[in-house]
Amino acid sequence: MIQLHIWPVIILAVLIGLNIAVILLQKDNRKLKKYLRIQATAWTTLMSMIIFTGATAMAFLHLDFTMKIIVMIVAVIAMSTLEVRRHLVIKRSRPNEECFTEARKTVLRYYILQLLWVVMIGAFAPQLP
């Protein structure tokens, strides 16, 4: 049961790393915007899988709300908030204008924060009570 919860987290971390690489390497703003809008579906699907498998594991194993689980819930909320903000930045940006450079920096910052959240939860949550 826990393996079904861990694999989507690992895949999400890989996807976030891939998104960071694409932002840094893709020079065509129009292609970058299209990629970021398409990959949002994969991000949402993976996050939904993580939430569903986490809730299922909690129910199946009759787990109480421990500090570890509360931290994971806070991480999901923080990452989802960053993703909504990222979506709004991309939606408002225009690839053929100068301001897209600022949008690119903002989106890169959001993805770095998301990757830090995933790494922190993966590294520190198992040690919590």
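Note: the structure precedes this text.
Only a predicted model underlies this, so the values are computations on that prediction, with no experimental measurement involved.

Analysis parameters
Throughout this description, residue numbers start from 1 for each chain and increase along the sequence as written. Only residues with pLDDT of at least 70 are given local features in this predicted model, and only at 80 or more are side-chain atom pairs given and counted; all residues enter the totals for whole chains, interfaces and linings. Hydrogen atoms and water are omitted, and side-chain values are computed over all heavy atoms in the structure. The way it works is that DSSP assigns letters per residue, a run of H or I at least four long becomes a helix, a run of E at least two long becomes a strand, and they are numbered from the N terminus. Note on contacts: a residue pair qualifies if any of its non-hydrogen atoms lie within 4.5 Å across the two residues. Definition used in this section: a nonpolar core is a set of buried Ala, Val, Leu, Ile, Met, Phe, Trp, Tyr and Cys residues joined via side-chain atoms within 4.5 Å. Burial here depends on accessible area, computed with a 1.4 Å probe over protein chains only, as a share of the maximum for the residue type. Under 20% is buried, over 50% is exposed, and the range in between is partly exposed. Any Lys or Arg side-chain nitrogen located within 4 Å of an Asp or Glu carboxyl oxygen qualifies as a salt bridge. Expected helix span is taken as 1.5 Å per residue step, with the number of steps being one fewer than the number of residues. Each axis is a line fitted through C-alpha atoms, and for a helix only the stretch in contact is used; angles between axes span 0 to 180 degrees, taken between their N-to-C directions. When describing relative orientation, an angle under 35 degrees is termed roughly parallel and one over 145 degrees roughly antiparallel, while 65 to 115 degrees is termed roughly perpendicular and anything else oblique. Handedness of a helix crossing follows the sense of rotation of the near helix relative to the far helix, less than a right angle counterclockwise being left-handed and clockwise being right-handed. Any residue that is not Ala, Val, Leu, Ile, Met, Phe, Trp, Tyr, Cys, Pro, Asp, Glu, Lys or Arg is counted as polar, Gly included; the first ten are nonpolar and the last four charged.

> Account for the side chain of Arg86, naming residues and giving values.
Following the sequence through the fold, Arg86 ends up in helix α3 (residues 67-92). The contact partners of Arg86, leaving out residues within four places of it in the chain, are Leu36, Gln39, Ala40, Val107, Tyr110 and Tyr111.

> So what about the nonpolar core? Which residues, and what values?
In this structure, Leu12 and Ile16 are the most contacted members of the largest nonpolar core, which totals 23 residues. Elements that contribute at least two residues to this core include exactly α1 (2-25), α2 (29-60), α3 and α4 (100-124). A total of 7 residues in this core trace back to one element, the largest contributor, which is α4. Those residues in contact with Ile16 that sit more than four places away from it in its chain are Trp43, Met79, Tyr111, Gln114, Leu115 and Val118.

> Before we move on, could you go through the pattern of salt bridges and cite the residues and values that matter?
Evaluation of the coordinates by the stated rule reveals 1 salt bridge. Across the pair Glu83 and Arg86 runs a salt bridge, and its minimum N-O distance is 2.8 Å. One end of the pair is Glu83 and the other is Arg86, both in helix α3 and 3 residues apart, which spans about a single turn.

> Let's hear about α1: which residues, and what values?
In a regular helix each residue adds 1.5 Å, so 24 residues correspond to 34 Å; α1 covers 35 Å between its end C-alpha atoms and thus fits that length. If you check which residues of α1 are buried, you get His5, Pro8, Leu12, Leu15, Ile16, Asn19, Ile20, Val22 and Ile23. As for α1, its buried residues are in contact with α2, α3 and α4.

> Could you give an account of α3, naming the residues involved and the relevant values?
The end-to-end C-alpha separation of α3 is 38 Å, in line with the 38 Å expected for 26 residues at 1.5 Å each. Regarding α3, the residues found buried are Ile69, Ala75, Ala78, Met79, Leu82, Glu83, Arg86, Val89 and Ile90. Its buried side turned inward, α3 meets α1, α2 and α4.

> Tell me what's going on with the packing of α2 against α4, and back it up with residues and numbers.
Interhelical geometry of α2 versus α4 gives an angle of 30 degrees and a closest axis separation of 12 Å. Taken together, the axes of α2 and α4 lie roughly parallel to each other. Along this stretch, α2 crosses α4, giving a crossing that reads as left-handed. Residues Asn29, Leu32, Lys33, Leu36, Gln39 and Trp43 of α2 form the contact with α4, whose own contacting residues are Phe100, Arg104, Val107, Tyr111 and Gln114. Along the lines of polarity and charge, the residues of the contact of α2 with α4 split into 6 nonpolar, 3 polar and 2 charged.

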